[in-house]
Amino acid sequence: MESRLEDFFKEKLDEAEEKPSSEGRGNQEDVTGNWVRYFRSLVEDRYANSRNLKNVYLFSASYDGDKRCAVLKFYNPEDKKIYLWYDTTGHKPYCLTNIPQEELENIPEVKGVKGLDHFETVEKFSLLLDKPLRVTKIVAQDPLTIGGKPSGSIRDILPKIRHDAKVWEADIKYYECYIYDLGLDLGLPYNIEDGKLVKNKLTSINFEVEKLFADESKDFFQYLKSWVELLEAPLPSLKFIALDIEVESPSLDKVPDPREASHRVICASIVASDGVKYVLLLRRGEAKGEEFDRLDDAKVEFYDDELQLICRIFRFLVEYPIVVTFNGDEFDLKYLYHRAQKLGLQKEDIPIQLTREYAYLPYSIHIDLYRFFFNKAIQVYAFDQKYRDVNLQDISTVFLGIGKVELDKNVSELDYRQLAVYCLRDSELTFKLASFDGNLVLKLIIALARITRMILEDVSRQSVSNWIKSLMYWEHRKNSYLIPSSEEILAVKGSTSTHAIIKGKKYRGAIVIEPQPGINFNVVVLDFNSLYPSIIKRWNLSYETVRCPHEECKDNLIPETNHWVCRKRQGLTSLVIGSLRDLRVRWYKVKAKDKTLPEEVRVWYSVVQRTLKVILNASYGVFGAEHFALYCPPVAEATASIGRYAIKTTIQKAWELGIEVIYGDTDSMFLRNPSENQVEALMEWSRNVLGMELDIDKQYRYSVFSTRKKNYIGVYHDGNVEIKGLTGKKRNTPEFLKKTFAEMIKILGEVKSKDDFDKAREKIKSIVKDCYVKLKNRQYSLEELAFTVVLGKDIEDYNKTIPQHVKALKLLPEKEKVDVGAGSVIRYVKVRRDPGVKLITHAKVDEIDTEKYVEHIQTTFEQVLDALGISFNEITGAPREAKLEFFQ
DNA sequence: GCGGACTGCTTACCT
DNA sequence: ACAGGTAAGCAGTCCGCG
């Protein structure tokens, strides 16, 4: 596929790079000419319309403003390159309106809009009204005519002309509209035959799956089938690079502004999946040590000219199909874009496009891992909150066991070798974050793209509400359903009928059962297997079915609300979320553990089940989120309400069966020493009566509860200890407390029987006592005493109250305050004098307010001591209090 | 002028 | 920029107190 021309220019470029200009800053033309020629030839050649390609994977799409059409990006696993394909179907941007075609034709303000193509009358089905609707399709020659111009777009002028004008589907990005209309599947293989797009034959549905879901309705089964086809499709082997650059910086701790790009790019490093490693360094006037041509397994190149170095980076950006960065959107690529222009390169010769939020690579796929790991849903559900702070240092330490190279001075002051080592490490870490566990992260992104029908760039950056929006929109278009506007849904279904416990919330959520304080042996924890998605499936919840327009459904009420649910039509959300849930629980989760399957298949199944988990966990919440495109509070409210109903009735049934329920939260029930028969009976009852699966989630040798909800310790039969919610493991708790707490936990893990507790009690008392004494003697360092708190917003935004960590910050001189903002981590200690707090960097050990810290020891340990029948005063030597005994 | 009761704010957690 | 519920610590306000 690669042309002679491309090879020719590549050689030319290599030549140019092998003899970096010796006479210092040479002619601009010489420096960049080779790059520009090479780049232009590449665009004309390989990136020109591809007419014949086999088995290429659809990874991305966008709109080409020059050619005025959609362009798709395909990845060819054969030669591991990206190919562009420009639309050949003549598809055009459009939106829909309720104004009849004849009327539109007679409105001069509309007819006169430049870029308008034509009108059509089409039939769509309105789920909201449960009836067909004739609407007018306004077709334009370019997306901006529909919407997005500062003024004068169809989207904006129609409501001005007629007050009852409705406009639908006008704020969908054009390439998304294109994907939905053509029913394209992202991440799946296609063929291009004589310029036409042909989907590869799909993996047929597995016989086992078919058998597993034989009892489901026809519609439901159709959904299962289409998901399986997507998710069982083969996965291409991927080729990618990680990139990182270093920029001279004026002062310590000050990151150069990428828009200004006023400082030199002094180093770049590239680590590629094919083993290629490069460090590119800028020769600088000042002595920066000896030059060298290798650094471990990386090739090192020195450049006299900064622009030449940057062009070298650009070559990597167009030659590799996938480029991975850590914060490339906000820094590396943004910087390179502006810096290259500053040094004289034309915009069109830079292979980077900046939008408001992204650095987009038109000839490859840019994945910014920072954006991906920042996603809360990814953080919590895909990675079980293994990392807390989103930065390269912490994330790579968690997943790879290595961190960044530590610096003791400004990057500008490092010698060549130190700089190279530092920079190379960063791109190595970035590379490994994309590739660990067999490219887990990239696979997650592809699995997400397949399900959501989003391009890789979007799905890896945007959050759950956009994922679900996209997959729902795709389903609407597939079935010719009119996509309702958010206002429309709200107008018809805006009301809620319950009251939240927390002020300012819209509706009542889950319930938490009051725990029975004390210690209990043999505790079995049952939970509803993905409760909310199950409810959405079983109760047919969707924006069109909750409060549906049919009189005859109005008696089909949802507990504790005045909402009813449709009996006549299967809800779209119910089908989509329900099928994904069942597939995860009954197929992918099971198969991910199936040792008879080849390792590679198992790994993919585990990726899929994790991806589904992320989507499913968010599926309920989005309907209660104002910014979600299909925001529908009654759907969220109904879901939570049925959840409360499910757990309440199940607990009641448990008592009837003679099982003691000692705690429960949302979807879980903690049973005290139940018999196998009792557990089995309860699970069966739930299956038969509620129609919901109840599973054994975990079994504890014993559990420790105080009177507090969302706070407990569970000790598994193997001695592993699970701690939930306790102060002793919170992030902001001082280290000395966490350490002492961990010692106590270790003792608890060793307790096997009631008798062991007597010994454990004594040990725990002495551990806490030691802590108390050490504190009193001021033997703890400031490091150990510091509270670590994340600043929730910028300092000046605290106008209601001034919390302690902000108080500590206010003592800083103005010019140091500017470096602190939302997201900064603040470490402070409590002192006796005036404001009571000081930043760790400003305090001394003898200022510490030990009395305050004693209170913290007390609250931290009382959460456990209570249940053990130990009073804190007994430990510190204060008068003995009555001892509580919880054993029965 | 001070302390207790109360509410509200902030952070971190649970499901 | 997925939801609501809970704990803890502190900030700020109101009220009573001859």
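Residues numbered from 1 in each chain as written. Chains lettered and ligands numbered in written order. Predicted model: local features only at pLDDT ≥ 70, side-chain atom pairs only at ≥ 80, totals over all residues. Heavy atoms only, no water.

1. Regarding the environment of A233
Here is step 1 of the chain: Within the secondary structure layout, A233 lies in the loop between α9 (218-231) and β10 (240-247).
Here is step 2 of the chain: Assessed through its relative accessible area of 6%, A233 is described here as buried.
Here is step 3 of the chain: Linking A233 and D866, residues 633 residues apart in sequence, is a C-alpha distance of 55 Å. (Helix = DSSP H or I, 4+ residues; strand = E, 2+ residues; numbered from the N terminus. Buried < 20%, exposed > 50% of the residue type's maximum accessible area, 1.4 Å probe, protein only.)

2. Describing the protein's contact with DNA strand B
Here is step 1 of the chain: The local shell around DNA strand B holds 22 residues, among which K503, D667, K710, K793 and Y798 are the closest.
Here is step 2 of the chain: Looking at DNA strand B alone, sugar and phosphate atoms form 93% of those within 4 Å of the protein.
Here is step 3 of the chain: K710 is positioned with one of its side-chain polar atoms (N or O) 2.8 Å from a base oxygen of DNA strand B.
Here is step 4 of the chain: Between a phosphate oxygen of DNA strand B and a side-chain N or O atom of K793, the distance comes to 2.9 Å. (Near = heavy atom within 4 Å. Polar contact = N/O pair within 3.5 Å; in protein donor to acceptor, adjacent residues only side chain to side chain.)

3. Observations regarding the pattern of salt bridges
Here is step 1 of the chain: The tally for this structure, following the rule as stated, stands at 57 salt bridges.
Here is step 2 of the chain: Of the charged contacts, one joins K537 and E216 as a salt bridge, the two residues approaching to 3.3 Å between their closest N and O atoms. Here the residue K537 occupies a position in helix α19 (residues 531-538), and E216 occupies one in the loop between α8 (207-212) and α9, the gap between them amounting to 321 residues.
Here is step 3 of the chain: A salt bridge links R567 to D555; the shortest N-O distance between them is 3.0 Å. Here D555 lies in the loop between α19 and α20 (572-591) and R567 lies in the loop between α19 and α20, a separation of twelve residues in the sequence.
Here is step 4 of the chain: Overall, D555 belongs to the exposed group, its relative accessible area being 54%. (Salt bridge = Lys/Arg side-chain N within 4 Å of Asp/Glu carboxyl O.)

4. Some thoughts on the protein's contact with DNA strand C
Here is step 1 of the chain: Residues in close proximity to DNA strand C total 35 residues, the closest being S463, I502, R708, K807 and K830.
Here is step 2 of the chain: Near the protein, within 4 Å, the atoms of DNA strand C are sugar or phosphate in 81% of cases.
Here is step 3 of the chain: In the model, a phosphate oxygen of DNA strand C is placed 2.9 Å from a nitrogen or oxygen of the T859 side chain.
Here is step 4 of the chain: At the level of elements, α17 (464-478), α21 (599-619), α27 (804-810) and α29 (850-868) are the ones that each hand at least two residues to the surface near DNA strand C.
Here is step 5 of the chain: Here the surface near DNA strand C gets four residues from one element, more than from any other, and that element is α29.

5. Quick notes on the confidence of the model for chain A
Here is step 1 of the chain: Counting all residues, the mean pLDDT for chain A is 91, and 94% of those residues have values of 70 or more.
Here is step 2 of the chain: Low pLDDT, under 50, characterises residues 19-26; the predicted model gives this stretch seven contacts beyond four residues in sequence or across chains.
Here is step 3 of the chain: Within the model, pLDDT remains below 50 along residues 879-888, and this stretch shows 18 contacts once partners closer than five positions in the same chain are excluded. (pLDDT = per-residue confidence, 0-100. Contact = heavy atoms within 4.5 Å.)

6. Some remarks on the pairing of strand β4 (residues 94-97)
Here is step 1 of the chain: Residues Y94 and L96 line one face of β4 and the alternating positions C95 and T97 line the opposite face, and both faces are buried.
Here is step 2 of the chain: Here β4 pairs with strand β6 (residues 131-140) via four bridges, running antiparallel. Its bridge partner being in β6, T97 is matched across the sheet by T136.
Here is step 3 of the chain: Where β4 meets strand β7 (residues 167-168), two bridges bridge the pair, whose relative direction is antiparallel. Following the sheet pairing, T97 is matched in β7 by V167. (Pairing = 2+ DSSP bridges.)

7. Details of the sheet that holds strand β26 (residues 787-790)
Here is step 1 of the chain: The strand order β26-β27-β28 describes an open sheet built from three strands, whose pairing is antiparallel. The open sheet has two edge strands with one neighbour each: β26 and β28 (837-839). Adjacent strand axes in the sheet meet at a mean angle of 40° when their direction is disregarded.
Here is step 2 of the chain: Direction of pairing for β26 relative to strand β27 (residues 825-830): antiparallel, over a ladder of four bridges. Looking across to β27, one finds that V789 is bridged to I826.
Here is step 3 of the chain: Against the sheet, α29 engages β26 and β27, with an angle of about 110° to β27. (Axes fitted to C-alpha atoms, helices over the stretch in contact; angles between N-to-C directions.)

8. Topic: the sheet that holds strand β15 (residues 322-325)
Here is step 1 of the chain: Strand order in this open sheet of seven strands is β13-β14-β12-β11-β10-β15-β18, and the pairing throughout is mixed. Looking at which strands have only one partner, the edges of the open sheet turn out to be β13 (294-295) and β18 (365-368).
Here is step 2 of the chain: Pairing between β10 and β15: three bridges, direction parallel. Bridge pairing in β15 places F240 opposite I322.
Here is step 3 of the chain: Contacts from helix α10 (residues 306-319) reach β10, β11 (265-272), β12 (277-282), β14 (298-303) and β15, with the element oriented near 160° to β12.

9. Points about the packing of aromatic side chains
Here is step 1 of the chain: Counting across every chain of the model gives 47 aromatic pairs.
Here is step 2 of the chain: Pairing Y532 with Y620 gives two aromatic rings, centres 4.3 Å apart and planes at 50°, and the pair type is tilted. Placement of the pair is Y532 in helix α19 and Y620 in the loop between α21 and α22 (633-656), with a sequence separation of 88 residues.
Here is step 3 of the chain: On the basis of relative accessibility, which here comes to 16%, the residue Y620 falls in the buried class.
Here is step 4 of the chain: Positioned over the ring face of Y798 is K793, at 5.0 Å from the centre of the ring.
Here is step 5 of the chain: Directly above the ring of F787 sits K830, whose terminal nitrogen or CZ lies 4.8 Å from the centroid. (Phe/Tyr/Trp six-rings, centres within 6.5 Å; stacked < 30°, edge-to-face > 60°. Lys NZ or Arg CZ within 6 Å of the ring centre and 35° of its normal.)

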